[in-house]
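This is what each chain is made of:
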Amino acid sequence: MNQEFNNMLNEFKAYLKDIEYLNSTSAVLYWDMRVCIPKKAIPYRGEILGYLSGEQYKLQTSDKMKEFIEYFSACDELDDVTKSMVENAKKEYDQTMKIPEYRYKEYVIATSNAEAAWEDAKEKSDFAIFKPHLQKVIDFNKEFIEYWGYKDSKYDTLLDFYEPGITTEKLDVLFGELRDAIVNLLDKIQNSDVKIDVSPFNKSFSKESQDEFGKFVLQKMGFDFNAGRVDESVHPFTINFDNKDVRITTHYYENEFRSALFSSIHEGGHAIYEQDVPDSLKGTLLASGASMGIHESQSRFYENIIGRSKAFWTCFFPEVQKRFPQFKDVCFEDFYKGINVVNSSLIRTESDELTYSLHIIIRYELEKAIINGDVNVDDLPDMWNEKYKEYLGVEPKSDAEGILQDMHWSGGSFGYFPSYALGNLYGAQFLNAMKKDIPDLYENIKNGNLNVIHLWLKDNIHQYGKVYKPEELIKKVTGDTLSSKYFIDYLNNKYSEIYNL
Ligand SMILES: [Zn+2]
């Protein structure tokens, strides 16, 4: 490459680094706001975060940015990293520039009002409070899709923001197969003679002992405590300032052993991914996970596929018994079944590994109908409840335990939900590839050598950051396009054994 190209590339990276600095600064302030801010400081903090995002917006939409994008888009034979860096910057630029600025500002206000209305509506369990705001947010999304453009399905445009390359056409097949398989398995489980006792998990467990054990497990998984922290917040989350400072939070319940532990393992999966992203990707906007779905594949892989496996607890159960006398009379089998118990429930965030995807598929089907069709917002609570009855056999008695349970729609995040179930599909397909590469995988896990998992994920997935699109990555790692087969086989095998089917 010639000198001019190299100079331009260095300049572009320095420019993108400024955007990353703003990102990191906002992230630190946001983390602080979620974890330890005094209540009275919240409004001013919101102002600062608003200011920083405005500065970021200016950099992302400047003439300078346009110049960089035009220059590099005209270059042939870019390496993978530069190519992806330019594509990503262009995508974000187009996404922002196609919306008239005044409409975008109105949208920000509309979602902020909708979030407040949602909170109020949820507390009072009254959909009517949220309804006009939801309608507004939906109308904005539909209007924006017209600006952004679409091919076959309007909803695809939204899906693509979270999971590049995924379409309604693909999801209809993948989720249709998954839904039928889970509904079938759930039906058999509900008719099974196996009854699982979860009462030992609901004894009293001090916050300190849960915290210590959670950190012990995270350490074994490969979470680097010199490049991250664990704190407490109402809703667990992961946030990264850069790969040397990735923070997770959890929430402790003293009468429930599983909740904080599995959410730590889940967030730990996200965090290890971010810690493994190489320094070389700084200044490219690619120093993060490939997509929301791939990110969820890492967290769910650790939480469920590894964290709820027999091999994992063969290693950790003795430690549990040592630390928690509450389990001294519980046998291994019962403990294992207790962490894998299946219950048709109403609330997504409290659901088990098997039924979780059904909660997502319901939201996917509704979002598709809302964005592509002409659903009357008045009908949404009933549509929601009917699907819960049909797929899970349970019916919400109130809006709060039905349509109002998630905040995603109030913030305008239509198209986000599928990422969670896609994470399950990716995860099982990765497992299949991992087992081929590491034939004694489960022996390693039993012996507490979780490092083999970490290294494999780092080599095959984490080291690439956001360089490859999800469909490129899954092909590169597993040699196959995304399929529901691996996850369905995994679920059938696991739950047939647990429930004696
Ligand atoms: Zn997650």
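A. Structural view of the overall build of the protein. Broken down by element type, the protein carries 20 helices and three strands. For 501 residues, the compact-globule estimate of 2.2 N^0.38 gives 23 Å, and the protein sits close to it at 23 Å. Across its three principal directions, the C-alpha atoms of the protein cover 70 × 55 × 50 Å. A buried classification covers 36% of the 501 residues belonging to the protein. Long-range pairs, those at least 24 residues apart, make up 72% of the contacts in the protein between residues at least 6 apart in sequence.

B. Region of the structure containing the packing of helix 16 (residues 418-437) against helix 19 (residues 470-478). Running from amino to carboxyl end, helix 16 crosses helix 19 at an angle of 25 degrees, the nearest separation of the two axes being 9 Å. With respect to helix 19, the element helix 16 is oriented roughly parallel. With respect to the hand of their crossing, helix 16 and helix 19 are arranged in left-handed fashion. Between helix 16, through Tyr 426, Gln 429, Phe 430, Asn 432 and Ala 433, and helix 19, the contact on the second element is made entirely by Ile 474, Val 477 and Thr 478.

C. Seen up close, the sheet that holds strand 1 (residues 228-232). Strand order in this open sheet of three strands is 1-3-2, and the pairing throughout is mixed. The sheet terminates laterally at strand 1 and strand 2 (238-242), the two strands that pair on one side only. Across the sheet, the mean angle from the axis of one strand to that of its neighbour is 20 degrees, orientation sign disregarded. Taken together, the four bridges between strand 2 and strand 3 (residues 245-250) define a ladder with antiparallel strand orientation. Looking at the pairing, Asn 240 lines up with Val 246 of strand 3. The strands touched by helix 1 (residues 3-35) are strand 1, strand 2 and strand 3; relative to strand 2, the strand with the most contacts, the crossing angle is about 145 degrees.

D. Region of the structure containing the domain arrangement of the protein. Taken domain by domain, the protein holds domain 1 (3-97) and domain 2 (199-339 + 437-466). Domain 1 and domain 2 are separated by 30 Å when their C-alpha centres are compared. With 18 residues of domain 1 in contact, the opposing surface of domain 2 contributes 15 residues. Residue assignment for the side of domain 1 that touches domain 2 shows that the elements contributing at least two residues are helix 1 and helix 4 (80-97).

E. How the structure looks around unusual backbone geometry. Notably, Leu 285 is not glycine yet its phi reads approximately 65 degrees, a positive angle. Its location among the elements puts Leu 285 in the loop between helix 10 (258-276) and helix 11 (292-306). Overall, the presence of 21 C-beta atoms within 10 Å leaves Leu 285 in the buried class. The phi angle at Asn 500 is positive, at roughly 55 degrees, despite the residue not being glycine. Along the chain, Asn 500 turns up in the segment after helix 20 (485-498).

F. Region of interest: the nonpolar core. Of all hydrophobic cores here, the largest spans 106 residues; its most connected members are Ile 361, Ala 421, Leu 425 and Leu 473. Residues contacting Ile 361, with those up to four places away along its chain left out, are Phe 175, Leu 178, Arg 179 and Ala 421.

G. The arrangement of the environment of Lys 475 in detail. With respect to the element layout, Lys 475 can be found in helix 19. For Lys 475, a count of 14 C-beta atoms within 10 Å gives the class partly exposed. Contacts of Lys 475, omitting those with residues within four sequence positions, involve Asp 480 and Thr 481.

H. Layout of the packing of helix 1 against helix 2 (residues 42-60). Helix 2 packs onto helix 1 with a crossing angle of 165 degrees between their chain directions and a minimal axis gap of 10 Å. The angle between helix 1 and helix 2 places the two elements in the roughly antiparallel class. Crossing handedness for the pair helix 1 and helix 2: left-handed. Taken together, the residues of helix 2 that come into contact with helix 1 (itself represented by Asp 18, Ile 19, Leu 22, Asn 23, Thr 25, Ser 26, Leu 29, Tyr 30 and Met 33) are Ile 42, Arg 45, Ile 48, Leu 49, Leu 52, Ser 53, Glu 55, Gln 56, Leu 59 and Gln 60. Looking at the contact of helix 1 with helix 2, its residues break down into 10 nonpolar, six polar and three charged.

I. Looking closely at helix 3 (residues 63-73). Along helix 3, the positions that sit buried rather than exposed are Met 65, Phe 68 and Phe 72. The arc that holds the buried residues of helix 3, viewed along the axis, is 60 degrees, so those residues lie on one side. In helix 3, the exposed positions angled more than 90 degrees off the buried face are occupied by Asp 63 and Glu 70.

J. Here's a closer look at the pairing of strand 3. In terms of burial, strand 3 is largely enclosed, as five of its six residues are buried. Summarising the sheet, strand 1 and strand 3 pair through five bridges and their orientation is parallel. Note that in strand 3 the partner of Arg 229 across the bridge is Arg 247. In sequence, strand 2 turns back onto strand 3 through a hairpin of two residues.

Thresholds applied
- The residue numbering used here restarts from 1 in each chain and proceeds along that chain's sequence as written.
- Local features in this predicted model are restricted to residues whose pLDDT is 70 or higher, and side-chain atom pairs enter the listing and the counts only when it is 80 or higher, whereas totals over whole chains, interfaces and linings include all residues.
- Numbering goes from the N terminus for both helices and strands, where a helix is a DSSP run of H or I of at least four residues and a strand is a run of E of at least two.
- The globule rule used for comparison is 2.2 Å times the number of residues to the exponent 0.38, while the radius of gyration itself is calculated over C-alpha atoms.
- Our exposure labels follow a C-beta count within 10 Å of each residue's own C-beta, placed from the backbone: buried means 20 or more other C-beta atoms, exposed means 12 or fewer, and partly exposed covers the counts in between.
- Note on contacts: residues are paired as contacts if their backbone-placed C-beta atoms lie within 7 Å.
- Helix axes use the C-alpha atoms of the stretch in contact, all axes being lines fitted to C-alpha atoms, and the angles between their N-to-C directions lie in the range 0 to 180 degrees.
- Convention used here: angles under 35 degrees read as roughly parallel, angles over 145 as roughly antiparallel, angles from 65 to 115 as roughly perpendicular, and any remaining angle as oblique.
- Rotating anticlockwise by less than a right angle from the far helix to the near helix defines a left-handed crossing, while the corresponding clockwise rotation defines a right-handed one.
- Between any two strands, at least two bridges found by DSSP are needed for them to pair.
- These domain limits were set by an automatic method or by a database of domain assignments.
- The term nonpolar core means buried Ala, Val, Leu, Ile, Met, Phe, Trp, Tyr and Cys residues held together as one set by C-beta atoms within 7 Å.
- Side-chain classes follow a simple rule in which Ala, Val, Leu, Ile, Met, Phe, Trp, Tyr, Cys and Pro form the nonpolar group, Asp, Glu, Lys and Arg form the charged group, and the remainder, Gly included, forms the polar group.
- Comment: arc refers to directions from the helix axis out to C-beta atoms.

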